[in-house]
Amino acid sequence: MSGVKFVEEFRDGAIARGLARRIADVARGLPEVRLMEVCGTHTMAIYRNSIRQLLPENIVLISGPGCPVCVTPNDYIDRAIALARRPDVTLCTFGDMVRVPGSSSSLELEKSKRADVRVVYSPLDAVDVGMQNPGRKVVFLGVGFETTAPTVAAAIELAAAKGVANFFVSSAHKVMPPALAALTADARLGLKGFILPAHVSAIIGVVPYQFLAVKHGMAGVIAGFEPLDILQGILMLVEQVAEGRAAIEVQYTRVVREEGNPRALALLERVFQPCDAEWRGLGIILGSGLAVRAEYAAHHAEANIAVEPEQTVTHPLCQCGEVLRGLIHPRECPLFGTVCTPETPVGACMVSTEGTCAACYKYGARLEEGHNHG
Ligand code: SF4
């Protein structure tokens, strides 16, 4: 792949078919090899490019909990809705979050009832909103993995430095390695390896994944998002399995460094500290969240703004938790495509552009029913 330099080459059909043939050659004679991609952008790319169709039957791709909006639990959404209902609060968030259904409402519905809910493109924009509206409490919903959390940390530092006392963050940030540990421990999944997330890895580097190989004998490859990146990542994983090896390898060398991004990591360390966090579908995972440090408690929404969220309930037939754990395919949810569609989402996985159900709904019809878990 060293000759692959330009975007169009990352999508070259002939190279893709060549990689698929090599995967089939290496996989020949192996028992079923179950690999999980834990990044919503990979999930989308796999569906969009029909990558499952290129793979032999014994290489099974399973989608994991890689969409940050999807893994944010209902009680956080209900709490955000309660915040939005306060007459003195302006709620700022990224676009996907406004459509996620809570127990009886959504931020979009609250906005239609005149709640001050604003979609921003950066947490720094929310600091601006705070500066321009000193009489209001401006709350930013901090949702995302290691990729997003540094910009939120930067916003908190900026607000502190500029004395923007009415800017707050409600942090539901999560970190990936503890979730991988939880998935590895789930024997029902029978995983042999992970396609590791590219953007997260650009921040944290390679070392935080080493435990997967060393302690659990799990293969891991950090892969980029182009179709050929993903296929080459799968080939590298299947080669490890065939050779009886387990290592963390980097396919996405043009972006990911062994040490990650030290500046972003230092920023995270200054503003956040590890905490236990609840993931939709996975429950509470120790050390998997990021809480605002005491030094920045003045900008911590929960510590400063009291709300009484409604009792959290979920639709009795919603299977988002099973989908996020990779235990069922979206089509196995009884609501998929009928009651639950991108226009009328019942669960978070149908809302986000990175959600597995949304990806399956948008691109899944192109795939053969029943083939390769796709
Ligand atoms: S189809 Fe809807 S309710 Fe069912 S798992 Fe997917 S998002 Fe959740």
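Notes on the structure follow. Bear in mind that the values here come from a model prediction, so they are computed numbers and not experimental data.

Some words on the layout of surface pockets
Part 1 of the argument: By volume, the largest pocket is sized at about 450 Å³.
Part 2 of the argument: Along the wall of the largest pocket there are 26 residues; nearest its centre are P68, G144, T147, T148 and E354.
Part 3 of the argument: Of all the elements in the fold, those that place two or more residues in the lining of the largest pocket are α4 (68-71) and α10 (198-204).
Part 4 of the argument: Considering only residue class, the lining of the largest pocket consists of 15 nonpolar, nine polar and two charged.

Description of the sheet that holds strand β3 (residues 89-93)
Part 1 of the argument: Ordered in space as β4-β3-β5-β6, the four strands form an open sheet in which the pairing is parallel. Looking at the sheet topology across the chains shown, the edges are occupied by β4 (116-119) and β6 (167-171). Sheet twist, expressed as the average angle between the axes of neighbouring strands with direction ignored, equals 25 degrees.
Part 2 of the argument: Of the strands in this sheet, β3, β4, β5 (137-142) and β6 touch helix α7 (residues 123-132), which is tilted by about 170 degrees from β5.

Brief notes about unusual backbone geometry
Working note: non-glycine residues mostly have negative phi, and peptide bonds are mostly trans.
Part 1 of the argument: With a phi close to 50 degrees, S50 is a non-glycine residue in the positive phi region.
Part 2 of the argument: Take S50: it is sitting in the loop between α2 (40-48) and α3 (51-54).
Part 3 of the argument: Within the chain, R114 stands out as a residue other than glycine whose phi angle is a positive 85 degrees.
Part 4 of the argument: Locating R114 in the fold gives a position in the loop between α6 (107-112) and β4.

Cut-offs used in this document
- Residues numbered from 1 in each chain as written.
- Predicted model: local features only at pLDDT ≥ 70, side-chain atom pairs only at ≥ 80, totals over all residues.
- Heavy atoms only, no water.
- 1 Å grid on protein atoms, 1.4 Å probe; cavity = no way out; pocket = protein on both sides within 12 Å on 5 of 7 lines; lining within 4 Å.
- Points joined across faces, edges and corners; volume = space filled by probe spheres on them.
- Helix = DSSP H or I, 4+ residues; strand = E, 2+ residues; numbered from the N terminus.
- Nonpolar A, V, L, I, M, F, W, Y, C, P; charged D, E, K, R; others polar.
- Pairing = 2+ DSSP bridges.
- Axes fitted to C-alpha atoms, helices over the stretch in contact; angles between N-to-C directions.
- Contact = heavy atoms within 4.5 Å.

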